Amino acid sequence: MVYQLEKLRELLRNTQRACVITHRHADLDAYACGVATKELINRLGIDAILIIPEGPPSSDVKSFITKLGINYQGLGNCNETDLIFLVDVSTYAQLNELRNVISNKPVVVIDHHEVRNAIPTVSLIDPSATSCSEIIAQVFRELGV
């Protein structure tokens, strides 16, 4: 497990707007972790948006959020943000056109897979976790949110 929470706190102190990006066509774990990460950032007083590359999430996610009456989140752009969060993204290939957006910004990776070609500013990675959502739940607890 690699958790760099102190480094994350430092980044967040200097952030006004953040962008949370999942892998393209997000599955339930990526979508849930993305929504939770956005919520965490918002609760810390920072504006955040959630982006899902290549449009809506998987049919499982659509069915799940429809049954719960949740409004879809995942549209927008990251151009005017200070900080990028990659959730459940172990390689830049999963981002397609969004790779260009992250090139000059600090990046936080939250994942339960080993990161392959991404070089994050902050890593919140735990290959022993069952899901990305498990990791963000732990981050909530450790940040006292």
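Everything quoted here is computed from the prediction, not taken from an experiment.

Rules used in this analysis
- As a convention, each chain's residues are numbered from 1 in the sequence order in which they are written.
- Reporting in this predicted model follows two pLDDT cut-offs: at least 70 for local features of residues, and 80 or more for side-chain atom pairs to be given and counted; totals over whole chains, interfaces and linings ignore these cut-offs and use all residues.
- The basis for every side-chain value is the complete set of heavy atoms in the structure, and neither hydrogens nor water enter the calculation.
- Each residue's exposure class comes from its accessible area (1.4 Å probe, protein chains only) as a fraction of the maximum for that residue type: buried when under 20%, exposed when over 50%, partly exposed otherwise.
- Strands are runs of DSSP state E lasting at least 2 residues, helices are runs of H or I lasting at least 4, and numbering of each runs from the N terminus.
- Here the rule is simple: two strands pair whenever DSSP picks up at least two bridges between them.
- Disulfides are defined as pairs of cysteine sulfur atoms found within 2.5 Å of each other.
- With its strands directed away from the observer, a crossover is right-handed exactly when the path from the first strand over the helix to the second travels clockwise.
- A pairing counts as a salt bridge when a side-chain nitrogen of Lys or Arg comes within 4 Å of a carboxyl oxygen of Asp or Glu.
- The reported arc concerns the directions from the helix axis to the C-beta atoms and nothing else.

> How should I be thinking about the pairing of strand β5 (residues 107-111) in this particular structure?
Consecutive residues of a regular strand have side chains that alternate between opposite faces of the sheet. Extensive coverage of β5 is indicated by the burial of 5 of its 5 residues. Of the two faces of β5, the one carrying V107, V109 and D111 and the one carrying V108 and I110 are both buried. In this structure, strand β4 (residues 83-87) lies alongside β5, joined through 4 bridges in parallel fashion. Bridge pairing links L86 to V109 in β5. Of the strand pairs in this sheet, β5 and strand β6 (residues 122-125) are connected by 4 bridges, and their pairing is parallel. Within the sheet, the bridge partner assigned to D111 lies in β6 and is I125.

> Where do I start with unusual backbone geometry in this structure?
Backbone geometry follows two general trends: most residues other than glycine have a negative phi, and most peptide bonds adopt the trans configuration. Its identity is not glycine, yet H25 carries a phi of approximately 50°, on the positive side. Along the chain, the position of H25 falls in the loop between β2 (17-22) and α2 (28-43).

> Can you walk me through the state of the cysteines in this structure?
Summed over the entire model, instances satisfying the criterion amount to 1 disulfide. Disulfide pairing is shown between C19 and C78; the S-S distance is 1.7 Å. One end of the pair, C19, is in strand β2; the other, C78, is in the loop between α3 (59-68) and β4, with 59 residues separating them in the sequence. A residue is classified by how much of its surface remains accessible, and C19, at 0% relative accessible area, is buried. With relative accessibility at 0%, the residue C78 sits in the buried group.

> Even after reading the chapter, I still don't get the pairing of β2, so can you show me in this structure?
With 5 of 6 residues buried, β2 is to be regarded as a mostly interior element. Strand direction decides the pairing type here: β2 and strand β3 (residues 47-51), joined by 5 bridges, are parallel. Across the sheet, the residue bridging to C19 is I49, located in β3. Note on the crossover from β2 through α2 to β3: the handedness is right-handed.

> Mind showing me how you'd approach the pattern of salt bridges here?
Oppositely charged side chains can form a pair if their charged atoms are brought close together. By the definition in use, this model includes 3 salt bridges. Of the charged contacts in the structure, one is a salt bridge between E6 and R9, with a shortest N-O distance of 2.5 Å. Pair noted here: E6 and R9 are both in helix α1 (residues 5-13), with a separation of 3 residues, about one helical turn. The class for R9 is partly exposed, based on a relative accessible area of 28%. Notably, a salt bridge pairs E39 with R43, separated by 2.9 Å at the nearest N-O pair. In this pair, E39 and R43 are both assigned in helix α2, 4 residues apart and thus about one turn of the helix distant. A relative accessible area of 35% means that E39 is categorised as partly exposed. With relative accessibility at 54%, the residue R43 sits in the exposed group.

> I'm lost on α1 in this one. Help?
Residue pairs spaced three or four apart in an α-helix point in one direction, given the helix's 3.6 residues per turn. Buried within α1 are the following residues: L5, L8, L11 and L12. The buried residues of α1 occupy an angular sector of 115° when projected down its axis, which confines them to one face. Opposite the packed face of α1, turned more than 90 degrees from it, sit the exposed residues E6, E10 and R13.

> Hey, could you run me through the environment of S63 in this one?
Positionally, S63 belongs in helix α3. For S63, a relative accessible area of 33% corresponds to the partly exposed category.

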